[in-house]
Amino acid sequence: MSPVLSVRNLSKVYGGKKPFLAVGGISFDLKPGEILGLLGPNGSGKTTTIQMLLGTLSYTSGSIHYFGKEFPLHRSEILQSVSFASTYTSLPYILTIEENLEVFGRFYSMTKEEIQYKTNPLLERFCIQDKKKERISALSAGQVTRLMLVKAFFTDPKVVLLDEPTASLDPDIAMDVCRFLLEQRDRTGLSILFTSHKMEEVMELCDRTIFLKRGKIIADDVPEKLARSVSTFRLRLNIADGLKRTTIIAEQRGLAFQIEHRSIQLSLDESEIPSFLNALMQAGVTYTSIQIKEPSLEDYFLKIAERS
Amino acid sequence: MNFRRIKGVFFRYYFVLKKGPQQLSDLFYWPLIDILLWGLTSVWIQTQSNASNFPLLLMTGLIFWQITWRGSVDVSISLLNEFWHRNLLNLFSTPLKLSEWAAGVILLCLCKLVITVLFGTLAVYILYSLNIFQIGWAFLPFAASLLIFGWTLGFLSSSAIIYWGHQIEALAWMIGFLFAPFSAVFYPVSILPAWAQAIAWCLPTTYIFEGMRHILSNGTFPMQDFLISIALNILYLFLSIALFRTMFEKSRSKGLARLE
């Protein structure tokens, strides 16, 4: 299947007295029906990349192709099938929800009737149908974020670019948004490029994840594989008797550990856990509780963020 | 150009306009205040100097200048509206083209202008028994020419605003006043110093205001003045739109998001 979005050697250098490389030659594809996470620490180039993909920021070199067509040459035609939502933009606060959606619908060549037909179920889905006649200024931050999602989805896009769409939402609503994104993908086969700082959300949603650091792609894989690539399991024990013996065993095996009161946390491979616990048993160590934490994407994120 | 998208831009600003007194003040309140202040002043001057058509000259100049002023402000304020509402990214991440945005703004500007001019004319007639349309059919081409120059000024200030952003937003209101003294709105060009006259004759508005006074004094239409003003207008409008497009692209290379 040919990709809906193809990015090749995309670079952005901000000029001025001290030229600054914001994005340095990144290449990736977004396949039909794929949810792709674009992650990285602050300043890694995520938002710059999204802006270039939307055409609100011009790029210095490289190419962007949507549906096989070169983006700058077919901008208006392409954006008919591409939409965007971000927690960090707003809508004219003096206009009502209904008016804002009417304006945006017309930008996608929709009639007033089509706009109402498409927006009503989405407003219902996000529980803001009763606010339709209210101005944006009367809505909470969470309601505005949900409205931005309605705006992004009512035009029947084939590609949706989402910049931290759940950043201002309560956990239950954020979870509902994730469910909605999966539903939409499964129902319509659209593709989503998604940035977020919530790693659990990324693990749940994304088929593939790209990590950016200082404008370069440093990893491109499925979230689970990335998580396991840098992180070991974490074993936490509340020791009742034998804390000293536990630390000696850990040192003998070359394991990294941290102690806090009667609790010890160790980093080790999954395969080492049984033999380590066995060694503790043979040394007569007793513990009152045990916690085993699998490696997560957050571990990966923290690891790459700390590397200079 | 897609008419539905142009209509979308029209509705974007129309919805703002119908929201209340603050938005409607541009259409009715400020023109009325101008008419009252300048009208009463001119009536008083007339009683002192016995210049019979002075109030009509002043009032016609005032209404005509409103046309240029409105044209200029409407274009640049529409752009500033997107900054103030943090809507610039939303707007230009849709299929909307810059030319469609400009066309939508111009369409709304035309509608607002018709309302303002009709209101102003009616107010002058009721308050001072003066008929601005006394200059006859010439009103329409003159008004069109003034409006085009207003758009030129609007695109000129918008060119700077789209690049430098909020820090120079006052330019939207200032630019009209910068050109008013040279346009000989209320007085003949001949009273300007020589260097200012050289500037004045480069402006299409000067030919219109001189022409207007010519009609009111002699009753004949100054075709040559009108044609020069139209030629200058077309040239300047073309240049200002080209500049706006260039500055928009320059701004895009720095990122439109920085303007919100």
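Just so you know, these numbers come straight off a predicted model, no measurement behind them.

A. Region of the structure containing the overall build of chain B. Scanning chain B from N- to C-terminus turns up 11 helices and 0 strands. What you see in chain B, going N to C, is helices and strands ordered as α-α-α-α-α-α-α-α-α-α-α. On C-alpha atoms alone, chain B measures out to a radius of gyration of 19 Å, which is about the 18 Å that the 2.2 N^0.38 rule sets for 260 residues. Burial analysis of chain B (260 residues in total) assigns 41% to the buried set. Intrachain contacts of chain B at a sequence separation of at least 6 include 77% that bridge at least 24 residues.

B. Fine view of the interface of chain B and chain A. Taken together, the contact pairs 27 residues of chain B with 25 residues of chain A. Of all the secondary structure elements, the ones that give two or more residues to the side of chain B that touches chain A are α1 (3–17), α5 (88–92) and α11 (223–254) of chain B. Tallied by class, residues from the side of chain B that touches chain A come to 9 nonpolar, 9 polar and 9 charged.

C. Summary view of the environment of A143 of chain B. All names here are of chain B. Following the sequence through the fold, A143 ends up in helix α7 (residues 139–164). Assessed through the 18 C-beta atoms surrounding it within 10 Å, A143 is described here as partly exposed. Sequence separation between A143 and A198 is 55 residues, and the spatial gap between their C-alpha atoms is 24 Å.

D. The arrangement of the domain arrangement of chain A in detail. Residues and elements named next belong to chain A. Segmentation of chain A into domains returns domain 1 (5–228) and domain 2 (230–306). The C-alpha centroid of domain 2 is placed 40 Å from the C-alpha centroid of domain 1. In this assembly, 12 residues from domain 1 lie in contact with 10 residues from domain 2. Among the elements of the structure, α7 (199–205), β9 (208–213) and α8 (223–230) are those that each provide at least two residues to the side of domain 1 that touches domain 2. The element contributing the most residues to the side of domain 1 that touches domain 2 is α8, with 4 residues.

E. Region of the structure containing unusual backbone geometry. Residues and elements named next belong to chain A. Even without being glycine, H261 reaches a positive phi, approximately 50°. Turning to its location among the elements, H261 is positioned in the loop between β12 (256–260) and β13 (263–268). Residue class for H261 comes out exposed when judged on the 8 C-beta atoms lying within 10 Å of it.

F. Region of the structure containing the nonpolar core. Core analysis: the biggest nonpolar cluster contains 133 residues, and V150, V159, L161 and F194 of chain A together with F64 and V105 of chain B have the highest contact counts within it. With 12 residues, helix α4 (residues 54–84) of chain B is the largest single contributor of residues to this core. Counting the residues that make up this core, at least three belong to each of domain 1 (5–228) and domain 2 (230–306) of chain A. Listed in part, the 9 residues of the second largest apolar core include L235, I239, A250 and L268 of chain A.

G. Layout of the sheet that holds β12 of chain A. Residues and elements named next belong to chain A. In space, the 4 strands of this open sheet follow the order β12-β13-β11-β14, with antiparallel pairing throughout. In this open sheet, the two strands that pair with only one neighbour each are β12 and β14 (286–293). Between one strand and the next, the sheet's axes are offset by a mean angle of 20°, whatever the strand orientation. In the sheet, strand β11 (residues 233–241) pairs with β13 via 6 bridges, with the strands oriented antiparallel. Counterpart to L235 in the pairing with β13 is L266.

H. Structural context of the pairing of strand β6 (residues 82–86) of chain A. Residue and element names in this part refer to chain A. With respect to burial, β6 is a largely interior element, 5 of its 5 residues being buried. Side chains V82, F84 and S86 of β6 all project onto a buried face; the interleaved residues S83 and A85 project onto the opposite face, where all are buried too. Taken together, the 5 bridges between β6 and strand β7 (residues 159–163) define a ladder with parallel strand orientation. Paired with F84 across the two strands is L161, which belongs to β7.

I. Seen up close, the sheet that holds strand β5 (residues 69–70) of chain A. Residue and element names in this part refer to chain A. Spatially, 4 strands are ordered β2-β1-β4-β5 in an open sheet, and the strand pairing comes out antiparallel. For this open sheet the edge positions go to β2 (20–30) and β5, each flanked by a neighbour on one side alone. Examined bridge by bridge, strand β4 (residues 61–66) and β5 share 2 bridges and lie antiparallel to one another. Bridging across to β5, Y66 finds its partner in K69. Packing of helix α1 (residues 46–54) onto the sheet brings it into contact with β1 (5–14), β2 and β4, and relative to β2 it is tilted by some 65°.

Reading the values: the criteria
Residues numbered from 1 in each chain as written. Chains lettered and ligands numbered in written order. Predicted model: local features only at pLDDT ≥ 70, side-chain atom pairs only at ≥ 80, totals over all residues. Helix = DSSP H or I, 4+ residues; strand = E, 2+ residues; numbered from the N terminus. Rg over C-alpha atoms; globule rule 2.2 N^0.38 Å. Buried ≥ 20, exposed ≤ 12 C-beta atoms within 10 Å, placed from the backbone. Contact = placed C-beta atoms within 7 Å. Nonpolar A, V, L, I, M, F, W, Y, C, P; charged D, E, K, R; others polar. Domains from an automatic or database assignment. Core = buried A, V, L, I, M, F, W, Y, C linked by C-beta atoms within 7 Å. Pairing = 2+ DSSP bridges. Axes fitted to C-alpha atoms, helices over the stretch in contact; angles between N-to-C directions.

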